[in-house]
Amino acid sequence: MLQFVLALLAGLGLLAWGVTQFVQTTAQNWFARDVSLRARLVVTGARASLASHWNKEHRRELRKQLSEITRDERVMAAAACTLDFSRLTATPDFPDGFGCQEVGDHMQSPTGTPEAPLQEWNSVNRLPAGSVAVSAIPLWDDGLEVGFVVLLQDLSYAERREDATTKFLLAAFGVVALLAALVTLAIARLSRQAWSAELRKALRGDRTQRPEFQPILRDVRELVERMIEDTGDTSGAWTAERLKQTLRRNLRGERVVILANREPYVHNREPDGSIRVLHPASGLVTALEPVLRACSGVWIAHGSGTADRDTVDRSDRVRVPPGEESYYIRRVWLSQQEEDGYYYGFSNEGLWPLCHLSHARPLFRSEDWIEYQLVNERFADAVAAEVDSDDPIVLVQDYHFALAPALIRERLPAATVIMFWHIPWPNSERFGICPWRNQILEGLLGSSILGFHTQFHCNNFFDSVDCYLEARIDHEQHGVIRQGHPTLVRPYPISLEWPVRWLESAPSQPECREQVWRELQLKPDALLGVGVDRLDYTKGVEERLLAVETLLERFPQFIGRFTFVQLAAPSRTKIDRYRELNELVEQLAARINVRFGSGSYRPIILRRFHHEPPDVFRYYRAAHVCYVSSLHDGMNLVAKEFVAARDDLRGVLLLSQFTGAARELTEALIVNPYDLEEVSTALATALRMPAEEQAIRLRSMRTLLSHFNVYRWAGEMLSDAARLRSHERLTGRLLEGAAAE
Ligand code: F6P
């Protein structure tokens, strides 16, 4: 507004200047004409008497005549000049500067002969005392030219009038400008008040007649929603409660359905006949279980426990978590053939090595592929049976269900399917070796949203689509459009609940150390490293043990003091490659123990059995170092769990650069697990790291995890889903409206 007023004033100023210039020039022209006319009249009136005395003898009489003429207050002086331009006479105050010769020169016609009659001449001379008008009027007697009269007239009165007019005009313009500015300000203020009152009404939800508000209303609402989402709750942090609210607000309380192969609670029959509930060692379960506890809903999974069938109701459902029962698991039973082909075969001997750069050869058997398709169909049927609306939100998890998104869409066209791929996505060349690459891509593109841990894996996916499918990649919207169906492809780095619930009941750090020291029979001054994994060749367990061996070779001062305990949950042991790994790791540990062990000291302690989370957390809290050495990993939640467990701000994390987690946990000691020298140096550095540095690194990583927790992971995906849904609903409404017209 101020700019507008200033521009207005500048414009008016310019206009005022222009007008005064115009008025001054016009007035000067008028005055000049007026003065020359008067001179002509005066001389014409006195012509007879002047002519009768027009000779040297009558000079006195002639001067008298001229003096008569100067009685007019404006005529200052007069002179009589002969035809040869000499002065006959002049009034006393006629200045010498105006000689007859100079004036006469001007009166001669520029083209005429010397005999040609003289012409009247008028001019204005600006003198220090003021302006003077000079008029030279030829004098005729009886048709003969006898000379000319020069009159000097005072023009200062004209200048005074010009000055007064200019001042008046400027003052008038000043007043007009001021009034215009005031009126503009007043109008602007009033319209702004009216505009904001109307906008406020519209924002409160009242109907507005002003269509120009619509875009702004949309933007403001979107902004407000984002701000609520970002600042929500108490401190802006994502919590279970906030996730619940997001769900309620955005998804109108719709029930979340999760489809994941691994169930969060496995019921196993113990040798004594009792039933034991087990938390499987799975990053997917660690991350997703708190989400479903917060949201309620249903988790559809393979019922793999030995007592799973004994714990379900007639609809194959069981309420969990035990004692809390906030959601339920719907178990799907698989025959041995199905499990072998779908889970062990295509998922874990085909897709798993295909997606991980860990030098295992993928095996693609068509009988496995058939089972994989059939089982995906069966799970899609289970989803369709479990949902409570035509347009549910279904969260499909991982590589076991690459075909499920498209199959679910066939059954539930209005569903919002969010697919999250927990493992890396290979480059397009590597992906291309899968004989059923197109079907897999088509299956995944049935999703509304397809998530990976990193942008890098999203890019690999785009490249694969680009290479093998007829589809449009929309780089601006981060999506793929195939046969008119859009899929958003975005990174959503997964994380842990915060705070991690296992910490609530965990013993204090000194107690953990005492218990673990006792269990492992360590000396009081021992230094402990810990590794926690499913026993999988992608985790780099062999490289990890070799790095410990290199440490003891290169830094012998740690022999007898440093012990590395590996908690290794057996996994997929039906597969040869996994069985071999078990043996290799066993042999390697034994060899290193023989080489560097003595008495009760063993540098490697291999605990090859399932550990429940409270146990794992005791080890995290007791250790000096945790080493995550994955050769390739989508995220790796062990790294995040170690950081979460160390609320005492002690301990050092060594983290493979080939994990998704290394992109977030940059204060860990990031290493290349293949480079044993580098890792052994990093291990030595970690074991010698001052407590303050440990605290600084951990504090920073813990802050990051507290903000980027799994509630945020789920919240962002669900918010994106909500945006898609409201867009689809709106489009649907518009289409309905158009059809009705
Ligand atoms: O990393 C992907 C993942 O699904 C993890 O969630 C889990 O650690 C593993 O693979 C699955 O293991 P399992 O075959 O025992 O379910």
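Thresholds applied
Residues numbered from 1 in each chain as written. Predicted model: local features only at pLDDT ≥ 70, side-chain atom pairs only at ≥ 80, totals over all residues. Heavy atoms only, no water. Helix = DSSP H or I, 4+ residues; strand = E, 2+ residues; numbered from the N terminus. Buried < 20%, exposed > 50% of the residue type's maximum accessible area, 1.4 Å probe, protein only. Polar contact = N/O pair within 3.5 Å; in protein donor to acceptor, adjacent residues only side chain to side chain. Near = heavy atom within 4 Å. Areas by Shrake-Rupley, 256 points an atom, 1.4 Å probe, with all protein chains shown as cover. Contact = heavy atoms within 4.5 Å. Pairing = 2+ DSSP bridges. Axes fitted to C-alpha atoms, helices over the stretch in contact; angles between N-to-C directions. Phe/Tyr/Trp six-rings, centres within 6.5 Å; stacked < 30°, edge-to-face > 60°. Lys NZ or Arg CZ within 6 Å of the ring centre and 35° of its normal. Salt bridge = Lys/Arg side-chain N within 4 Å of Asp/Glu carboxyl O. Expected span 1.5 Å × (residues − 1). Core = buried A, V, L, I, M, F, W, Y, C linked by side-chain atoms within 4.5 Å. Disulfide = S-S within 2.5 Å.

A. View of the side chain of Gln397. With respect to the secondary-structure elements, Gln397 resides in strand β12 (residues 393-397). Judged by its relative accessible area of 1%, Gln397 falls in the buried class. Engagement of the side chain of Gln397 in a polar contact is seen with the side chain of His422, the distance being 2.6 Å.

B. Structural context of the site of the ligand. Taken together, Arg262, Ser282, Gly283, Leu284, Tyr343, Trp352, Asp398, His422, Ile423, Arg534 and Arg572 make up the full set of residues adjacent to the ligand. Tyr343 places a polar side-chain atom, nitrogen or oxygen, 2.5 Å from an oxygen atom of the ligand. Contact between the ligand and Arg572: an oxygen atom at 3.0 Å from a side-chain N or O atom of the residue. When the free accessible area of the ligand is taken as 390 Å², the share hidden by the protein chains comes to 91%. For the shell around the ligand, the elements supplying multiple residues, two or more each, are α7 (283-295) and α9 (336-355).

C. Molecular detail of the environment of Arg650. Locating Arg650 in the fold gives a position in the loop between α20 (637-645) and β22 (652-656). With 46 residues separating them along the chain, Arg650 and Ile696 place their C-alpha atoms 9.5 Å apart. Dropping the residues within four chain positions of it, Arg650 is found in contact with Ala691, Gln694 and Leu698.

D. Structural view of the sheet that holds strand β3 (residues 121-127). Within the open sheet, the five strands sit side by side as β2-β1-β5-β4-β3. Their pairing is antiparallel. Whereas interior strands pair on both sides, the edge strands pair on one side only; in this sheet they are β2 (87-90) and β3. Within the sheet, the average angular offset between the axes of one strand and its neighbour, ignoring direction, is 20 degrees. Two elements, strand β4 (residues 130-141) and strand β5 (residues 144-154), share 10 bridges in a ladder whose sense is antiparallel. Within the sheet, the bridge partner assigned to Val132 lies in β5 and is Asp154. Packed onto the sheet, helix α2 (residues 59-69) meets β1 (75-82), β2 and β5 and runs at close to 55 degrees relative to β2. Contacts from helix α3 (residues 100-107) reach β1, β2, β3, β4 and β5 within the one sheet, and its direction differs from that of β5 by about 110 degrees.

E. Quick look at the sheet that holds strand β17 (residues 485-491). Pairing within the open sheet is mixed, and its 10 strands lie in the order β10-β11-β9-β6-β12-β13-β14-β17-β16-β15. Looking along the sheet, the strands with just one partner apiece sit at the ends: β10 (317-320) and β15 (472-474). The mean inter-strand angle of the sheet, taken between neighbouring strand axes irrespective of direction, is 20 degrees. The pairing of strand β6 (residues 256-259) with strand β9 (residues 297-302) spans four bridges and is classified as parallel. Counted as the bridge partner of Val256 is Gly297 from β9.

F. Examining the packing of aromatic side chains more closely. A full pass over the atoms with the stated rule returns 25 aromatic pairs. Between Trp369 and Tyr372 the ring centres are 5.9 Å apart and the planes differ by 20 degrees, which places this aromatic pair in the stacked class. One end of the pair is Trp369 and the other is Tyr372, both in helix α10 (residues 366-386) and three residues apart, which spans about a single turn. An aromatic cluster is present here, built from Tyr342, Phe346, Phe364, Trp369, Tyr372, Phe379, Phe401 and Trp436 joined pairwise through their rings. The lysine or arginine in question, Arg242, covers the ring of Trp238, its NZ or CZ lying 3.9 Å from the ring centre. Above the ring of Phe708, the side-chain terminus of Arg712 is found at 4.4 Å from the ring centroid.

G. Molecular detail of the pattern of salt bridges. Across all of its chains, the model carries 42 salt bridges by this definition. Here Glu68 ties to Arg71 by a salt bridge, and the two come within 3.1 Å at their closest N and O atoms. Residues Glu241 and Lys244 are paired through a salt bridge, measuring 3.8 Å at the closest nitrogen-oxygen approach. Taken together, the residues span about one helical turn, with Glu241 and Lys244 both in helix α6 (residues 240-251) at a distance of three residues. Overall, Glu241 belongs to the partly exposed group, its relative accessible area being 37%. Residue classification places Lys244 among the partly exposed residues on the basis of a relative accessible area of 32%. In this structure, a network of salt bridges that share partners links the residues Glu289, Arg293, Glu324, Glu497 and Arg501.

H. Structural context of helix α16 (residues 509-520). Look at α16: 16 Å from first C-alpha to last across 12 residues, which is about the 16 Å you get at 1.5 Å a residue. At its buried positions, α16 is contacted by β18 (527-534), β19 (562-569), β20 (604-607) and α19 (613-622). A positive backbone phi angle near 55 degrees is found at Gln521, which sits one or two residues after α16.

I. Representation of the nonpolar core in the model. Counting residues in each nonpolar core, the largest one holds 95 residues, and the members touching the most others are Ile408, Trp421, Ile440, Phe461 and Leu654. Sort the elements by how many residues they give to this core and α9 lands first, with eight residues. Excluding anything up to four places from it in sequence, Phe461 contacts Trp425, Leu441, Leu444, Leu445, Leu450, Phe452, Val480 and Val489. Listed in part, the 83 residues of the second largest apolar core include Ile393, Ala645, Leu653 and Ala662.

J. Just the state of the cysteines, in detail. The final tally for this structure, using the stated rule, is one disulfide. Each sulfur of the disulfide joining Cys81 and Cys100 lies 2.0 Å from the other. Taking the torsion about the S-S bond as the criterion, the Cys81 to Cys100 disulfide, at about -65 degrees, is left-handed. On the criterion of sequence distance, the pair formed by Cys81 in strand β1 and Cys100 in helix α3 is long-range, its members being 19 residues apart. Judged by relative accessible area, which is 4%, Cys100 ranks as buried. In this structure Cys467 is not part of a disulfide, and its nearest cysteine sulfur, from Cys434, lies 14 Å away.

Structural measurements only, silent on function.
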